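Descriptive structure summary
Here's the letter readout for the chains.
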Amino acid sequence: MKFWSKSLVCWLVLSLVFIFLVDLFTIRPHVISGNGNPVLLIVGPTLIIFIFFAKSLWQGFGRLRIKSNRSTMIIIGAFVLFITFCILEYQFAVNLINELGRSSKEPESRIYRFPWLNQYTNTLFINVYTFGILAAGITFLKIILNRIKRN
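Below or above, wherever it landed, is the structure these notes cover. Only a predicted model underlies this, so the values are computations on that prediction, with no experimental measurement involved.

The next point concerns empty space enclosed by the protein. One pass over the structure, following the stated rule, counts one cavity of 30 Å³ or more. Reported here for the largest cavity is a volume of approximately 30 Å³. Taken together, L64, I66, S71, I143, N146, R147 and R150 form the lining of the largest cavity. In terms of residue count, helix α5 (residues 128-150) provides more of the lining of the largest cavity than any other element does, four residues in total. Of the residues that constitute the lining of the largest cavity, the class distribution is three nonpolar, two polar and two charged.

For the rest of this paragraph, the subject is the packing of aromatic side chains. Enumeration over the complete set of coordinates arrives at five aromatic pairs. Relative to F131, the ring of F53 has its centre 4.8 Å away and its plane inclined at 40°; by these criteria the two rings are tilted. Placement of the pair is F53 in helix α2 (residues 40-63) and F131 in helix α5, with a sequence separation of 78 residues. Across the pair, exposure class does not vary: F53 and F131 are buried alike. Judged by centre distance (5.6 Å) and plane angle (40°), the rings of F79 and F140 are tilted. Here F79 is found in helix α3 (residues 68-99), whereas its partner F140 is found in helix α5, with 61 residues between them in sequence. With a relative accessible area of 41%, F79 lands in the partly exposed category.

Time to look at a nonpolar patch on the surface. A cluster of nonpolar residues, I76, F79, V80, I83 and I87, forms a patch on the protein surface that exposes about 440 Å² of accessible area. Inspection of the secondary structure assignment puts V80 in helix α3. The exposure class of V80 is partly exposed, given its relative accessible area of 47%.

Analysis parameters
Residues numbered from 1 in each chain as written. Predicted model: local features only at pLDDT ≥ 70, side-chain atom pairs only at ≥ 80, totals over all residues. Heavy atoms only, no water. 1 Å grid on protein atoms, 1.4 Å probe; cavity = no way out; pocket = protein on both sides within 12 Å on 5 of 7 lines; lining within 4 Å. Points joined across faces, edges and corners; volume = space filled by probe spheres on them. Helix = DSSP H or I, 4+ residues; strand = E, 2+ residues; numbered from the N terminus. Nonpolar A, V, L, I, M, F, W, Y, C, P; charged D, E, K, R; others polar. Phe/Tyr/Trp six-rings, centres within 6.5 Å; stacked < 30°, edge-to-face > 60°. Buried < 20%, exposed > 50% of the residue type's maximum accessible area, 1.4 Å probe, protein only. Patch = residues over 30% accessible without salt bridge, like charges linked within 9 Å, V, L, I, M, F, W, Y side chains within 5 Å. Areas by Shrake-Rupley, 256 points an atom, 1.4 Å probe, with all protein chains shown as cover. Salt bridge = Lys/Arg side-chain N within 4 Å of Asp/Glu carboxyl O.

Encoded structure:
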């Protein structure tokens, strides 16, 4: 059984390209922008691409036949990666919000009265860390479900 498929690789590459596009078009905290949020045109397709990547990854792990001791190592590794990506995402979010002058409720903040998804905070939701959380979470869940199903 093979794990990699053309669709998995395609969705992986597209996901990374769209993560780059979201980062590229998100306004940096030190820049003042009056152009609205053009990344909203990219956010929808990015989420759809993430969903298709997740589905392909789920199916890829469904085709694998892994021995018990290796699946244990994969489960532990995926869990550690999941926690690591969660911590990194939290630190990234805290740093970005601090750079913007705190939350959208603070009058001194650059994002005062903005919704949380705005031209400065798009990367809070779509970035390498959230993608890693998705991939590690799917890996963890699918391998556990495969082990339960086998037993």
